[in-house]
There are 2 protein chains.
Amino acid sequence: MVESTRIVLASRPVGAPTPADFRFETTELPPLEDGQVLLRTLYLSLDPYMRGRMSDAESYAKPVELGQVMVGATVAEVLDSRDSGFAKGDVVLAYSGWQSADVASASTLRKLDPDQAPVSTALGVLGMPGFTAYSGLLKIGQPQAGETLVVAAATGPVGATVGQLAKIKGARAIGIAGGPEKCAALRDKLGFDVALDHRAPDFADQLRAAVPDGIDIYFENVGGHVADAVYPLLNTYARVPVCGMIANYNASGRPDGPDRFPAFYARILTKSLTVRGFIQTEFVRELYPDFLREVSGWIAEGRIRYLEDVVEGLDNAPEAFIGLLEGRNFGKLVVKVAD
Amino acid sequence: MVESTRIVLASRPVGAPTPADFRFETTELPPLEDGQVLLRTLYLSLDPYMRGRMSDAESYAKPVELGQVMVGATVAEVLDSRDSGFAKGDVVLAYSGWQSADVASASTLRKLDPDQAPVSTALGVLGMPGFTAYSGLLKIGQPQAGETLVVAAATGPVGATVGQLAKIKGARAIGIAGGPEKCAALRDKLGFDVALDHRAPDFADQLRAAVPDGIDIYFENVGGHVADAVYPLLNTYARVPVCGMIANYNASGRPDGPDRFPAFYARILTKSLTVRGFIQTEFVRELYPDFLREVSGWIAEGRIRYLEDVVEGLDNAPEAFIGLLEGRNFGKLVVKVAD
């Protein structure tokens, strides 16, 4: 019998999650049936969308039930297999959640090639976050040479990829992040044209000065005061792919006024804006093979770089996740669960 | 010399316009130059967008300057012509604004055929409002058979055309209007599947009950409490063409809270909505000939009907316009300036 250490949802957070919202448990895994694979988790991905799954508000996916394992993508090693497609020692992309081992159906797994790229990238630039960037930018943002793009959380795996893809398409990329270290990384490591610290008291003025020709694409993944600063600068026919709004994820209830909605809505009208929400799954069938091929190639050529923030040990997953919602991570946040 | 009675913008309204914001003047028109045509106004169109032109807030078109003639589309008779394309007695679509006569450049005019349809329809169902409906619905709304569409101000020329076009495309059309008479007209004259009075205290509940399969297209031309009721009912991948928001046109300043923006924005994300502002001019080159051909045909076949609210006399234009912003018109509002 194999034991799994797992982290379950203990209570639904009101506002920011706390360590008490998570509970550690140890369970014995059942024996394998035909078509199943025994997995040992190597890396667990931590992503902002998980905050939504902790709530029971209506959203695009079902919430995690109380007492259930927290969901999440993982990179895992195959310990045993009763499926002809997988053998002991294979490394796979799985969706085992916050646990150290799992019995998974082979049909939910994708084999990874450790020689092509570090396997943890399957959780970041070559995984869901990277594909969110690729599909949302190309299908909705539709960058044209000479246009100006703005993206926040720009050292994160979505934002970093969005900015670099925009550059590849000939657009000018303005990255927004929190603090001088992240801004330096945007300029020096990720090649953004301009890096702005959203914590600066004069952030809105800095943004205005940085976009003399206005903004053609705002890839929205944060909302909040960044969105407030961006919207007045959007050009006619600007596109706003909306893949997240981390600034609001911990909010509860309806915020106080003034009511920003009428001005926002009026701007959609007067500027002929396209504001389009999306979940990357919408585009998987159409674009995933292109994404893997193109982005792998650009990584190999050094045209796309990525930042990873690796936290050691499953025990530290709750704290790391709480920090993610506060912007304390620096790059794609993964938990290294085992070697 | 020909005299023109004209109505100029006397002051910029704060909130709802009043009669004092308009001033009547009489001027003598200059003699015709080559390429010009002398026009006698038969009908003046009154449309919600004119409220925006009375303000100097940034918008998609320049404001009317103080002392300038109020802008507007007109149907006019040619009294004299120094252009080979137009002859005395022709009836044309012009953009002379709120005045009884005008000297216009021939290149700005389109000749109308009084035998094809009543000439006043060039201001409504066969003019800018009809084309707003046609282009926004087909290009952005993209109605599919079996889908559910909601449109407000549905006895107006945009809403009425939107609903009937949606029916032609096989969708179910829910019309919203103010008061029982307009609702009766939606059902009995315009063929909407359901008509709802937005003034009903339980309007939001009525709307929910009327759309058991949710809403796939919300053609936005009012904003306000109708939008509040519609958004929670929008289906995944729903489309929202935004052509106006008359409920806000008289608003000044930022309204009190609660702040409705975060919830609205979150819904765009979780439902993968497309919210797209537009001005019909964007689509003129691509679609206008199709529009005239198709909608003329559908009118001739009785598949598209229209309601007209004719006010007699230019003197009554200011009051009629003020009433338009309050929803007091019943169908496309035109001023009959001369026989």
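Residues numbered from 1 in each chain as written. Chains lettered and ligands numbered in written order. Predicted model: local features only at pLDDT ≥ 70, side-chain atom pairs only at ≥ 80, totals over all residues. Heavy atoms only, no water.

### Remarks on the overall build of chain A
What counts is decided by this rule: Numbering of helices and strands runs from the N terminus; a helix is a DSSP stretch of H or I covering at least four residues, while a strand is a stretch of E covering at least two. Atoms counted for the radius of gyration: C-alpha only. Globule rule: 2.2 Å times residue count to the power 0.38. Exposure is judged per residue with a 1.4 Å probe applied to protein chains only, and the accessible area is read against the type maximum: over 50% gives exposed, under 20% gives buried, and values in between give partly exposed. Note on contacts: a residue pair is in contact if any heavy atoms of the two residues lie within 4.5 Å. The method behind every accessible area is Shrake-Rupley, applied with a 1.4 Å probe, and residues are considered shielded solely by the protein chains displayed. Positive charge is attributed to Lys and Arg, negative charge to Asp and Glu, and no charge count is given to His or to the chain ends. Taken as the charge centre is NZ of Lys, CZ of Arg, CG of Asp or CD of Glu, depending on the residue.
The helix and strand inventory of chain A stands at nine helices and 15 strands. Rg of the C-alpha trace for chain A: 20 Å, near the compact-globule value of 20 Å for 339 residues, within the 12% margin. In terms of principal-axis extent, the alpha carbons of chain A reach across some 65 × 45 × 35 Å. With 339 residues in all, chain A has 57% of them scored as buried. Taking contacts inside chain A between residues at least 6 apart in sequence as the whole, the part at least 24 apart equals 68%. Roughly 13900 Å² of accessible area belongs to chain A as shown, and the carbon and sulfur atoms make up 49% of that amount. Computed over 33 positive and 42 negative side-chain charges, the inter-centroid distance for chain A is 5 Å.

### Some points on the interface of chain B and chain A
Formally: The term buried area refers to how much accessible surface (probe radius 1.4 Å) is lost by two components on association, counted for both of them together. Salt bridges are counted wherever a side-chain nitrogen of Lys or Arg sits within 4 Å of a carboxyl oxygen of Asp or Glu. Distance and chemistry together define a polar contact, namely a pair of N or O atoms within 3.5 Å, with one atom able to donate a hydrogen and the other to accept it when in protein, and with adjacent residues in sequence counting only for side-chain atoms on both sides. When residues are sorted by character, Ala, Val, Leu, Ile, Met, Phe, Trp, Tyr, Cys and Pro go into the nonpolar class, Asp, Glu, Lys and Arg into the charged class, and all the rest, Gly among them, into the polar class. Any two strands with at least two DSSP bridges between them are considered paired.
Taken together, the contact between chain B and chain A spans 41 residues of the former and 41 residues of the latter. The largest per-residue losses of area from chain B upon contact with chain A belong to D259, Y265 and L269 of chain B, which jointly make up 21% of the total buried on that side. With a shortest N-O distance of 2.8 Å, D259 of chain B and R260 of chain A are connected by a salt bridge. Counting across the interface, chain B meets chain A through 13 residue pairs in polar contact (both at pLDDT 80 or more). When residues of the side of chain B that touches chain A are assigned to their parent elements, the largest contribution, nine residues, is made by helix α7 (residues 261-270) of chain B. A breakdown of the residues in the side of chain B that touches chain A according to their chemical character gives 22 nonpolar, nine polar and 10 charged. In this sheet, strand β13 (residues 274-277) of chain B lies alongside strand β13 (residues 274-277) of chain A in antiparallel orientation, the contact comprising three bridges. From the neighbouring strand, T274 of chain A faces β13 of chain B, where its bridge partner is R276 of chain B.

### Side note on the pattern of salt bridges
Residues and elements named next belong to chain A. Here the structure, examined in full by the defined rule, presents 34 salt bridges over all chains. Two residues, E282 and R276, come together in a salt bridge whose shortest N-O distance is 2.6 Å. Given the relative accessible area of 26%, E282 is considered partly exposed. Several salt bridges share partner residues, and in doing so they unite R6, R23 and E25 into one network.

### Re the relation of the copies chain B and chain A
So the rule is basically this: The copies were overlaid by least squares, fitting only the C-alpha atoms of residues that reach a pLDDT of 70 or more in each copy.
If you rotate chain B by 180° and push it 0.0 Å along the axis, it lands on chain A with an RMSD of 0.0 Å. Such a combination of turn and shift is consistent with a two-fold rotation axis. Among all residues of chain B, the one whose C-alpha sits closest to the rotation axis is G257 of chain B, at a distance of 1.6 Å. The residues that chain B uses at the interface reappear at the interface of chain A in 100% of cases, marking a shared surface.

### What to know about unusual backbone geometry
Phi is positive for Y237 of chain A, close to 70°, though the residue is something other than glycine. For Y237 of chain A, the location among the structural elements is in strand β12 (residues 234-242). The class of Y237 of chain A is partly exposed, set by a relative accessible area of 40%. Even without being a glycine, A153 of chain B presents a positive backbone phi close to 45°. By secondary structure assignment, the location of A153 of chain B is in the loop between β8 (148-151) and α3 (157-168).

### Focus on the packing of aromatic side chains
Using the following cut-off: Planes of paired rings set the category: under 30 degrees apart is stacked, over 60 is edge-to-face and the rest tilted, where pairs are Phe, Tyr or Trp rings (Trp by its six-membered ring) whose centres lie within 6.5 Å. Geometrically, a lysine NZ or arginine CZ counts as sitting over a ring once it is within 6 Å of the ring centre and also within 35 degrees of the ring normal.
Following the criterion strictly, the structure yields 33 aromatic pairs over all chains and no others. Where F278 of chain B meets F283 of chain B, the ring centres are 6.1 Å apart and the plane angle is 50°; that geometry is what we call tilted. What makes F278 of chain B buried here is its relative accessible area of 1%. Relative accessible area serves as the criterion here: at 6%, F283 of chain B is assigned to the buried category. Members of the aromatic cluster, each reached through a chain of ring pairs, are Y218, Y231, F261, F264 and Y265 of chain A together with Y218, Y231, F261, F264 and Y265 of chain B. Of note, K111 of chain A hangs over the ring of F86 of chain A, and the distance from its end group to the ring centre comes to 5.7 Å.

### Remarks on the packing of helix α7 (residues 261-270) of chain A against α7 of chain B
Definition in use: What counts as an axis is a line fitted to C-alpha atoms, over the stretch in contact for a helix, and the angles between N-to-C directions run from 0 to 180 degrees. Angle categories: roughly parallel below 35 degrees, roughly antiparallel above 145, roughly perpendicular from 65 to 115, and oblique for all the rest.
Across the interface, α7 of chain A lies against α7 of chain B with an axial gap of 9 Å and an inter-helix angle of 45°. Comparing their axes, α7 of chain B and α7 of chain A come out oblique. Judged by residue contacts, F261, F264 and Y265 of chain A of α7 of chain A engage F261, F264 and Y265 of chain B from α7 of chain B. Of the residues assigned to the contact of α7 of chain A with α7 of chain B, the class counts are six nonpolar, no polar and no charged.

### Quick word on the packing of helix α2 (residues 128-141) of chain B against helix α8 (residues 284-300) of chain B
Residue and element names in this part refer to chain B. In the contact formed by α2 and α8, the axes pass within 10 Å of each other and the chain directions differ by 110°. When the interaxial angle is binned, α2 and α8 end up roughly perpendicular. Contact residues: G130, F131, Y134, S135 and K139 in α2; V284, E286, L287, Y288, D290, F291, E294, V295 and W298 in α8. Split into classes, the residues belonging to the contact of α2 with α8 amount to eight nonpolar, two polar and four charged.

### Comments concerning the domain arrangement of chain A
All names here are of chain A. Filter applied, for reference: Those domain boundaries reflect an automatic or database domain assignment.
Each assigned domain of chain A is listed with its residue range as follows: domain 1 (2-124 + 307-336) and domain 2 (128-281). Just the C-alpha atoms count here: the centres of domain 1 and domain 2 sit 28 Å apart. Taken together, the 20 residues of domain 1 in the interface contact 15 residues of domain 2. Between domain 1 and domain 2, the buried area comes to about 1400 Å², and carbon and sulfur atoms account for 65% of it. Viewed at the interface, domain 2 and domain 1 are joined by zero salt bridges. The interface formed by domain 1 and domain 2 holds three residue pairs in polar contact (both at pLDDT 80 or more) in total. Of all elements in the fold, only α1 (49-53) and α9 (317-325) reach the threshold of two or more residues within the side of domain 1 that touches domain 2. When grouped by side-chain class, the residues that make up the side of domain 1 that touches domain 2 number 12 nonpolar, five polar and three charged.

### What about empty space enclosed by the protein?
Heads up, the condition is: Points on a 1 Å grid, built from protein atoms alone, make a cavity when a 1.4 Å probe fits but cannot get out and make a pocket when they are open with protein on both sides within 12 Å along at least 5 of 7 lines; residues with an atom within 4 Å of a point are the lining residues. Grid points are joined across faces, edges and corners, and a volume is the space filled by probe spheres set on the points.
A complete count under the given rule lists two cavities of 30 Å³ or more for this structure. The volume enclosed by the largest cavity comes to roughly 80 Å³. Lining the largest cavity are 14 residues, and of these V125, P157, Y306, L307 and K332 of chain A lie nearest its centre. No other element matches helix α3 (residues 157-168) of chain A, which puts three residues into the lining of the largest cavity. In terms of residue class, the lining of the largest cavity is built from five nonpolar, six polar and three charged. Taken together, T121, G124, V125, G156, P157, A160, T161, R305, Y306, L307, E308 and K332 of chain B form the lining of the second largest cavity. Top element by residues in the lining of the second largest cavity is α3 of chain B. It accounts for three residues. The residue makeup of the lining of the second largest cavity, split by class, is five nonpolar, four polar and three charged. Here the lining of the second largest cavity spans two domains, since at least three of its residues come from each of domain 1 (2-124 + 307-336) and domain 2 (128-281) of chain B.

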